[in-house]
Amino acid sequence: MKYIKFFGIYALVLVFICTSCTRDGFLDIKPKGKVIPNKIEDYRLLLDQTESAGGEINFSRGFVSKHFNTIYGADHILVTPEIVALNGIDRIQLNLFQYRDIIYGAAQSDLDWEDYYQQIFTSNLILEGLSSVSNGTPNEILALEAEAKLHRAYAYFNLVNIYGVHYNPSSAATDLGVPLRNSSSLVNVNLERVSVQKVYDFIIDEIETSIPNLPDTQPLQLSFRPSKAGAYGLLSKIFLYQANYSEALNAVESALTLSSTIRNINDDEVFEEPDIPTERYWPNVTEDVQVVWHKELILDLAFTEEYIDLFETEDLRSQWFASLREREFIDLDGSILVANQSAFFSGTDGINTPDLYLIRSECNARLGNISEANDDLNTLRINRFEDGQYNPVSITDQDLLLQFIKEERRREFPMSVERIFDIKRYNRFDDDNISITHSFNSETSTIQANSVNWAQPIGLLYINQNPEIIQNTRE
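Nothing here was measured: the structure is a model prediction, and the numbers come from that model.

Before going further, it helps to spend a moment on helix α13 (residues 398–412). If you check α13, its first and last C-alpha atoms are 21 Å apart, about what 15 residues at 1.5 Å a residue would give, namely 21 Å. Every buried residue of α13 is accounted for by L401, L402, F404, I405, K406, E408, R409, R410, R411 and E412. Of the surrounding secondary structure, the elements contacted by the buried residues of α13 are α7 (228–241), α9 (305–308), α11 (353–366), α12 (370–381) and α14 (418–430). Structurally, the start of α13 carries an N-cap: the backbone nitrogen of D399 is 3.1 Å from a side-chain oxygen of D397.

And the structure:
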């Protein structure tokens, strides 16, 4: 009998799984003295896994992620020896920054891989348990099933885009995706990687079959729970990544019909001090009216000067960044770090209304709806400039408009791992020919446009324990 070492250690609330470590992995057993969920309220707690801060903020620990490592491969991230010392950047993150062929040693965990597969495991556990729950109305059960499937879909969305090549309609049926798990069983399972096409088909089915059983929206205090608005937003991303722009437009229209508020950052909290540039903070999630489905947490990262130059002088988003040199924390020769109020409870990832407007703008631009694309840009940007100082854009050239939208995505989402996903799709479908060169000390590393190296190496720990998981090829 084979026990698998695949997901890492499971941290669950009201857990009825207890892991017993063997050389090959973990075996699930029924523990003594533990609560075994069998009621609808048990599965609600397992889905939410909430905690509070100051008695005010609740957020899901189980299904909100933090991209510990993958983000270091993006083109706007800066790493220097001083930043390594300041931010505690480790060797794994440096390996990703330098595009090494081997990122993780044989005994090292990939926190991104494990985080998402833990979410999938928990979702599977809940879906199986709900099939025999001892109470709850049919509608309550369907609602929890829909939430679990949406969390699972979001996890696979990230996994396939981190560890697979970008979706290509001519080869997706054979391109390697990731292991597809729809069971919580940990023994005698096949962990072969299914195709990118099969993962995308699975995600779409998860979303479309769940939408009818979700509420239209969630209150901000519960924004870690999926909603119809969040589900349509994720669906629009999936179609966008497949270059299916008509379907993406239909999905994002449905999302914006349910949730369309954009936060005016003129009203955000600021830090002002003589001789130091003004800093502007992201609000906490429960105060951020543009959050639709909160899924990611912010990391403190340093950014390149090229990235900071994307912001116009009057763009208040430039105040999201603080110069450590000017703050006299450390001499980084003008290097920039993001400033935010609370790295734990603030975020720009997941599904939010600025993303929805930019998806709709991009789809309209690609489909030739030039006026509509400009309208969405202006709806977003007027809330990013000082009140009364914004000059609307009106770009009539389709190629220039699309380029502007791409740059606007960069400005709006500095912390998002989806910048890497965007580069992969721009290279695939637009021939943007984006390559990235990173330098650290005296070493320079480059990843070329459309290189197979954009599919991140899978940790040796998982492949050694589960040899049916085929490693990504390297150039």
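That covers the picture; the talk isn't over yet.
Turning to the packing of α13 against α14, a few remarks are in order. Helix packing for two helices is described by the angle between their axes and how far apart those axes are. In the contact formed by α13 and α14, the axes pass within 11 Å of each other and the chain directions differ by 165°. The pairing of α13 with α14 is recorded here as roughly antiparallel in orientation. Crossing geometry of α13 relative to α14 is assigned as left-handed. Here α13 contributes L402, K406, R409 and R410 to the contact with α14, which in turn contributes E418, R419, D422, R425, Y426 and D430. For the contact of α13 with α14, a count of residues per class yields two nonpolar, no polar and eight charged.

With that settled, consider the pattern of salt bridges. Per the counting criterion, the structure on display carries 32 salt bridges. The residue R381 makes a salt bridge to E312 at a minimum N-O spacing of 2.9 Å. Linking R381 in helix α12 with E312 in the loop between α9 and β11 (321–323), this pair joins segments that are 69 residues apart in sequence. By relative accessible area, which is 2% here, R381 ends up buried. For D315, the salt bridge goes to R317, with nearest N and O atoms at 2.8 Å.

With that settled, the discussion passes to the side chain of Q218. Among the secondary structure elements, Q218 is positioned in the loop between α6 (196–210) and α7. Separated by 2.9 Å, the side chain of Q218 and the backbone oxygen of P226 make a polar contact. Dropping the residues within four chain positions of it, Q218 is found in contact with E147, S223, R225, P226 and S227.

By the definition in use, this model includes 18 aromatic pairs. Ring centres of W113 and Y462 lie 5.6 Å apart, and the angle between their planes is 20°; on these two criteria the pair is classed as stacked. Of the two residues, W113 is situated in helix α4 (residues 111–130) and Y462 in helix α15 (residues 460–465); the sequence distance between them amounts to 349 residues. With a relative accessible area of 0%, W113 lands in the buried category. Between Y154 and F157, the ring centres sit 6.0 Å apart and the planes meet at 50°, which makes this aromatic pair tilted.

Turning our eyes to something else, we now look at unusual backbone geometry. Within the chain, Y99 stands out as a residue other than glycine whose phi angle is a positive 55°. Residue placement: Y99 occurs in the loop between α3 (91–97) and α4. Overall, the relative accessible area of 17% leaves Y99 in the buried class.

The next thing to look at is the confidence of the model for the protein. Confidence in the prediction for the protein averages 86 pLDDT; 84% of positions are at 70 or higher. Below pLDDT 50 for its whole length, residues 1–5 participates in 30 contacts with residues either more than four positions away or in separate chains. Within the model, pLDDT remains below 50 along residues 7–34, and this stretch shows 68 contacts once partners closer than five positions in the same chain are excluded.

In this structure the tally under the stated criterion is five cavities of 30 Å³ or more. If you add up the space inside the largest cavity, you get close to 190 Å³. Every residue lining the largest cavity is counted, 17 residues in all, and those nearest its centre are L96, Y99, N453, W454 and Q456. Mapped by element, the contributors of at least two residues to the lining of the largest cavity are α5 (138–163) and α14. Looking at which element gives the most residues to the lining of the largest cavity, the answer is α14, with three residues. Considered class by class, the residues forming the lining of the largest cavity number nine nonpolar, five polar and three charged. Surrounding the second largest cavity, 15 residues form its lining, R409, F413, S416, E418 and D422 being those nearest its centre. For the lining of the second largest cavity, the secondary structure elements donating two or more residues are β13 (350–352), α13 and α14. By residue number, the principal contributor to the lining of the second largest cavity is α14, which donates four residues. Class assignment for the residues of the lining of the second largest cavity results in two nonpolar, four polar and nine charged.

What counts, and at which threshold
- Residues numbered from 1 in each chain as written.
- Predicted model: local features only at pLDDT ≥ 70, side-chain atom pairs only at ≥ 80, totals over all residues.
- Heavy atoms only, no water.
- Helix = DSSP H or I, 4+ residues; strand = E, 2+ residues; numbered from the N terminus.
- Expected span 1.5 Å × (residues − 1).
- Buried < 20%, exposed > 50% of the residue type's maximum accessible area, 1.4 Å probe, protein only.
- Contact = heavy atoms within 4.5 Å.
- Polar contact = N/O pair within 3.5 Å; in protein donor to acceptor, adjacent residues only side chain to side chain.
- Axes fitted to C-alpha atoms, helices over the stretch in contact; angles between N-to-C directions.
- Parallel < 35°, antiparallel > 145°, perpendicular 65-115°, else oblique.
- Left-handed = near helix turned anticlockwise from the far one by under 90°.
- Nonpolar A, V, L, I, M, F, W, Y, C, P; charged D, E, K, R; others polar.
- Salt bridge = Lys/Arg side-chain N within 4 Å of Asp/Glu carboxyl O.
- Phe/Tyr/Trp six-rings, centres within 6.5 Å; stacked < 30°, edge-to-face > 60°.
- pLDDT = per-residue confidence, 0-100.
- 1 Å grid on protein atoms, 1.4 Å probe; cavity = no way out; pocket = protein on both sides within 12 Å on 5 of 7 lines; lining within 4 Å.
- Points joined across faces, edges and corners; volume = space filled by probe spheres on them.

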